[in-house]
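Structural characterization, general
Chain residues, written in single-letter form:
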Number of protein chains: 2
Amino acid sequence: MAPIPEAPGISETATDNNFSNDEARDKSRVTIVGSGNWGSVAAKLIASNTLKLTAFHDEVRMWVYEETLPSGEKLTDVINKTNENVKYLPGIKLGKNVVADPDIENAVKEANMLVFVTPHQFMEGICKRLVGKIKADVEAISLIKGMEVKPEGPCMISSLISQQLGVNCCVLMGANIANEIAVEKFSEATIGYRENRVTAEKWVQLFYTPYFSVTAVQDVEGVELCGTLKNVVALGAGFVDGLEMGNNTKAAIMRLGLIEMKAFCKLLFSSVKDSTFFESCGVADLITTCLGGRNRKVAEAFAKNGGNRSFDELEAEMLQGQKLQGVSTAREVYEVLSHRGWLQLFPLLATVHEISIGRLPPSAIVNYNEPKAVRGSNKL
Amino acid sequence: MAPIPEAPGISETATDNNFSNDEARDKSRVTIVGSGNWGSVAAKLIASNTLKLTAFHDEVRMWVYEETLPSGEKLTDVINKTNENVKYLPGIKLGKNVVADPDIENAVKEANMLVFVTPHQFMEGICKRLVGKIKADVEAISLIKGMEVKPEGPCMISSLISQQLGVNCCVLMGANIANEIAVEKFSEATIGYRENRVTAEKWVQLFYTPYFSVTAVQDVEGVELCGTLKNVVALGAGFVDGLEMGNNTKAAIMRLGLIEMKAFCKLLFSSVKDSTFFESCGVADLITTCLGGRNRKVAEAFAKNGGNRSFDELEAEMLQGQKLQGVSTAREVYEVLSHRGWLQLFPLLATVHEISIGRLPPSAIVNYNEPKAVRGSNKL
């Protein structure tokens, strides 16, 4: 089972002023790299905790990609004046101790703990800019979903950060629709860590609130891969919805998806644990994504149209230029399966891709070769 | 992982006439005890397979509790004339080889395989009637969800059958909304068996169709308990729906429910396997029940009314006299937890009961004591 983090030590609401210089020096400074919807919610969670916990400096610095708002004001100025990210999380107070900083190098230079939460395609560039600009003993965590899966293996964002910056990097994933957490609806998340449990517990303390329950598990790869693979399963769930096949079938597809996610992760990384899939990053994120979410939604429309309108066309119409993560991940996963001779072992993941490119009709989502369906689901 | 049943050996579509007397003697005769909605669907599944598989007699006998229809005809006569259970599964052909029999003793006397699928409260009486009336080497399977959980432990229907009749008894559970399977929408199920894998495989062969994918696991208790406990979690999911807390919260409650189901089963029966909860009887049945289902629906109404209208009142209004399994199971589970000093370990299961009797408000579904929520979810 998952390691047991201690209940966060929510002690007195001390401010930095109560402490001597020595004590202040030992406190960790937190910087959030990214300030979109999820990044802003992370800032709110973290800022509420740094005020309460003596192990952290009150101030939470947030690097904001500077934009000029229609009013002519700078986004960072407005955030610092109103404590609100008016563009990406309007109506929510982040906390007075959140400081928006448009200068990424300045934002990270004092930090002991870095929280990465940018769109994944920017991470390589950001890492390059940060080399040599951060403290030597910094700890990192990635909240970024959507790494690429290349035929030679997945290109984990946490590995990218670790390798480029020479730092330890945890991940935080889970059933985390940002706007629901922003209004303090109960939610859970999973932190994946590699070796250092003490650091993992520090991250748990930093994120945990009564409405955001965080658990740490020693399984970075499992946790991080879940966040990507679930989007492929959500396409399958969307096909079922579009074909109006009912809840039995949808539950079956979600279950088969979970089983194949687990098997795929374990074949790629023998360290991945079964128990990880019972965590929020596993079954719960899968459920959330298959109930709501844009992958499910566009896949539903795709199936309703009998596969006659392409995903590109539907995306353009339904998502205002955003692309679906699931479709590209399905293609990448298919390439891995094909490359390694694993297609027979993963009928669901393979079929989702074949449907999404029009090679199979949407109804094929429940129509594998018979022995494949039985054996596939049982062998994994 | 689950044992791997071989793909069902769907061979030639032979009839009994092709075989010598010796061969005919070795064939298994199947009788279904029960003819409600699910029993009728089971008859359809089984009858399609006995026609195809040489190991079984074509004829499937179905014990029908005799009723006189508004037309004045006997239900068994109509089933035998039309191949349709016009009362409990109208519009679906069961197969010409299904023979409805109003005499339970006659129905079972030649059977080698007995499928029990009656309302659970009738099973004790039925078992008493069957003592001494069945063949010595008969194999049984129970499709009955909803055993009782008594403080000294659950009263498993499969154990009742085994003990009363002196036969081996498997169970079949899963995400199985009968009407969806009846119209051949894809679904899965799990067979739990105790020792005899060969028998389990025979049951798999008897039920498996391309739209009904069956897996056998050596874990009767885990499979059977899942079918009961999920109704308690569905109440929790319904509260979340009624309070409009969103998909994150619903996914979190379903996940916590799955974790607590697993922990509860394992504390009661050390033989229960983690992998069982990845099967259709586990995560998939939980999903189906939390998406649709009457437990979820009435719990949603209960929460919408702020807990001010009792479950009894809502049941009477919404379910035309049917009772919710979940509410009584929640009470029974609470008694076990209380009796054994486990309340702290199962905050979700305990809270569902306390909400259902009005001791806590519906909003308490996400509002455990903080350390309990963190520790509870991690310790299990």
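Residues numbered from 1 in each chain as written. Chains lettered and ligands numbered in written order. Predicted model: local features only at pLDDT ≥ 70, side-chain atom pairs only at ≥ 80, totals over all residues. Heavy atoms only, no water.

In the annotation of an unreviewed UniProt entry, the entry for chain A reads Glycerol-3-phosphate dehydrogenase [NAD(+)], and the organism field reads Quillaja saponaria. Looking at the Sequence similarities (unreviewed entry) heading of the UniProt record, one finds this comment for chain A: "Belongs to the NAD-dependent glycerol-3-phosphate dehydrogenase family." (UniProt positions renumbered as here; feature names shortened; annotations may be inferred.)

Attention now goes to the pattern of salt bridges. Using the criterion set out here, one finds 44 salt bridges over all chains in the structure. Across the pair A:Glu188 and B:Arg255 runs a salt bridge whose closest N-O atoms are separated by 2.7 Å. In this pair, A:Glu188 is assigned in strand β9 (residues 187–192) and B:Arg255 in helix α10 (residues 246–268), connecting two distinct chains. Assigned by exposure class, A:Glu188 and B:Arg255 land together as buried. With a closest N to O distance of 2.9 Å, B:Asp101 and B:Arg61 form a salt bridge. Residue B:Asp101 is located in strand β3 (residues 98–101), and its partner B:Arg61 is located in strand β2 (residues 56–63); the two are separated by 40 residues in the primary sequence. (Salt bridge = Lys/Arg side-chain N within 4 Å of Asp/Glu carboxyl O. Helix = DSSP H or I, 4+ residues; strand = E, 2+ residues; numbered from the N terminus. Buried < 20%, exposed > 50% of the residue type's maximum accessible area, 1.4 Å probe, protein only.)

A word on helix α3 (residues 75–82) of chain A. Residue and element names in this part refer to chain A. Along α3, the residues classified as buried are Leu75, Thr76, Val78 and Ile79. Buried positions in α3, seen along its axis, are confined to an arc of 165° and lie on one side of it. Summarising the contacts, the buried residues of α3 are in contact with β2 (56–63) and β3 (98–101). Remark: asparagine 83 follows α3 within two positions and exhibits a positive phi of approximately 60°. (Arc of directions from axis to C-beta. Contact = heavy atoms within 4.5 Å.)

For the rest of this paragraph, the subject is the packing of aromatic side chains. Counted by the stated rule, this structure contains 17 aromatic pairs over all chains. Summarising the aromatic geometry, the rings of B:Trp38 and B:Phe212 are spaced 6.3 Å apart at their centres and angled 65° between planes, so their arrangement reads as edge-to-face. With B:Trp38 in helix α2 (residues 37–52) and B:Phe212 in strand β10 (residues 212–217), the pair connects residues that are 174 residues apart, well separated along the chain. The same class applies to B:Trp38 as to B:Phe212, namely buried. Their ring planes at 45° and their centres at 5.7 Å tell us that B:Phe239 and B:Phe302 sit as a pair that is tilted. Of this pair, B:Phe239 sits in helix α9 (residues 220–242) while B:Phe302 sits in helix α12 (residues 294–304), and the two are 63 residues apart along the sequence. When its relative accessible area of 0% is taken as the criterion, B:Phe239 is described as buried. Among the aromatic residues, ring-to-ring pairing joins A:Phe239, A:Phe302 and A:Phe311 into one connected group. One cation-aromatic arrangement involves A:Lys262 over B:Phe278; the distance from NZ or CZ to the ring centre is 4.5 Å. (Phe/Tyr/Trp six-rings, centres within 6.5 Å; stacked < 30°, edge-to-face > 60°. Lys NZ or Arg CZ within 6 Å of the ring centre and 35° of its normal.)

Take the UniProt feature "binding site: NAD(+)" (unreviewed entry) in chain A next. Residues and elements named next belong to chain A. Using the residue numbers shown here, the UniProt feature "binding site: NAD(+)" (unreviewed entry) corresponds to Gly34, Ser35, Gly36, Asn37, Trp38, Gly39, Phe122, Ala178, Arg294, Lys323 and Gln325. Following the sequence through the fold, lysine 323 ends up in the loop between α13 (311–318) and α14 (325–340). Judged by relative accessible area, lysine 323 falls into the exposed class, the value being 53%. In this structure, lysine 323 is in contact with Arg294, Asp312 and Glu315, ignoring residues within four places of it in sequence.

In terms of nonpolar packing, the biggest core is built from 180 residues, with A:Phe116, A:Phe264, B:Phe116 and B:Phe264 touching the most fellow members. Once residues lying within four places of it in the same chain are set aside, the contact partners of B:Phe264 are B:Val149, B:Leu229, B:Val333, B:Val336, B:Leu337, B:Trp342, B:Phe346 and B:Leu349. (Core = buried A, V, L, I, M, F, W, Y, C linked by side-chain atoms within 4.5 Å.)

Another point: the packing of α10(B) against helix α15 (residues 347–356) of chain B. Residues and elements named next belong to chain B. For the pair α10 and α15, the least separation of the axes is 8 Å and the interaxial angle reads 110°. By the angle between their axes, α10 is roughly perpendicular relative to α15. Residue-level contacts link Ile253, Leu256, Gly257, Glu260 and Phe264 of α10 to Pro347, Leu348 and Leu349 of α15. Residue classes in the contact of α10 with α15 are distributed as 6 nonpolar, 1 polar and 1 charged. (Axes fitted to C-alpha atoms, helices over the stretch in contact; angles between N-to-C directions. Parallel < 35°, antiparallel > 145°, perpendicular 65-115°, else oblique. Nonpolar A, V, L, I, M, F, W, Y, C, P; charged D, E, K, R; others polar.)

For the rest of this paragraph, the subject is the domain arrangement of chain A. By a widespread convention, an interface's size corresponds to the accessible area lost as its parts come together. Residues and elements named next belong to chain A. Under the domain assignment used here, chain A contains domain 1 (16–218) and domain 2 (222–377). With centres defined by C-alpha atoms, the gap from domain 1 to domain 2 works out at 29 Å. Opposite the 26 residues of domain 1 that make contact, domain 2 presents 23 residues. Summed over both partners, the interface of domain 1 with domain 2 comes to about 2000 Å²; 62% of that surface belongs to carbon and sulfur atoms. For domain 1, the biggest contributors to the area lost against domain 2 are Met147, Val149 and Pro151; these three give 29% of the whole. (Domains from an automatic or database assignment. Buried area = accessible area lost by both parts, 1.4 Å probe.)

The next subject is helix α13 (residues 311–318) of chain B. Residue and element names in this part refer to chain B. Within α13, the full set of buried residues consists of Phe311, Leu314 and Glu315. In a view along the axis of α13, the buried residues occupy a sector of 100°, so they form one face of it. In α13, the exposed residues that point more than 90 degrees away from the buried face are Asp312 and Ala316. Turning to α13, the residues buried within the fold contact α9, α12, α14 (325–340) and α15. At the C-terminal side of α13, glutamine 320 shows a positive phi close to 45°.

Residue and element names in this part refer to chain B. Contact geometry for α2 and helix α8 (residues 197–207): axes closest at 7 Å, N-to-C directions at 100°. As the angle between them shows, α2 and α8 are arranged roughly perpendicular. For the pair α2 and α8, contact is made by Ala42, Leu45, Ile46, Asn49 and Thr50 and by Gln205, Leu206 and Phe207, respectively.

Let's shift gears to the sheet that holds β2(B). Residue and element names in this part refer to chain B. Spatially, β3-β2-β1-β4-β5-β8-β9-β10 is the arrangement adopted by the 8 strands of the open sheet, whose pairing is mixed. Edge strands, defined here as strands with exactly one partner in the open sheet, are β3 and β10. In this sheet, adjacent strand axes meet at a mean angle of 25° when their direction is disregarded. (Pairing = 2+ DSSP bridges.)

In this structure, A:Asn83 is a non-glycine residue whose phi angle is positive, near 60°. Given a relative accessible area of 13%, A:Asn83 falls into the buried group. Look at B:Glu244: it is not a glycine, yet its phi comes out positive at around 55°. Along the polypeptide, B:Glu244 turns up in the loop between α9 and α10.

Residues and elements named next belong to chain B. Within the secondary structure, alanine 182 sits in helix α7 (residues 178–182). Take alanine 182: its relative accessible area is 4%, and that puts it in the buried class. With 145 residues separating them along the chain, alanine 182 and asparagine 37 place their C-alpha atoms 9.2 Å apart. If near-sequence neighbours (up to four positions away) are discounted, alanine 182 is found in contact with Val41, Lys44, Leu89 and Ile92.

Turning next to the side chain of A:Thr31. Residues and elements named next belong to chain A. Topologically, threonine 31 is positioned in strand β1 (residues 28–33). Looking at threonine 31, the relative accessible area reads 3%, which means it is buried. Polar contacts involving the side chain of threonine 31 include one to the main-chain carbonyl oxygen of alanine 107, which spans 2.7 Å. Apart from the residues lying within four places of it in its own chain, the contact partners of threonine 31 are Arg61, Ala107, Val108, Ala111, Met113, Leu114 and Val115. (Polar contact = N/O pair within 3.5 Å; in protein donor to acceptor, adjacent residues only side chain to side chain.)

Turning to the pairing of strand β5 (residues 139–142) of chain A, a few remarks are in order. All names here are of chain A. Alternating residues of β5 divide into Glu139 and Ile141 and Ala140 and Ser142, and every residue in both groups is buried. As judged from the 4 bridges shared by strand β4 (residues 113–116) and β5, these two strands associate in the parallel manner. Along β5, the bridge assignment pairs methionine 113 with glutamate 139. Handedness of the crossover joining β4 and β5 through helix α5 (residues 123–130): right-handed. With 4 bridges joining them, β5 and strand β8 (residues 168–173) adopt parallel strand pairing. Paired with glutamate 139 across the bridge in β8 is asparagine 168. (Right-handed = clockwise from strand over helix to strand, strands pointing away.)

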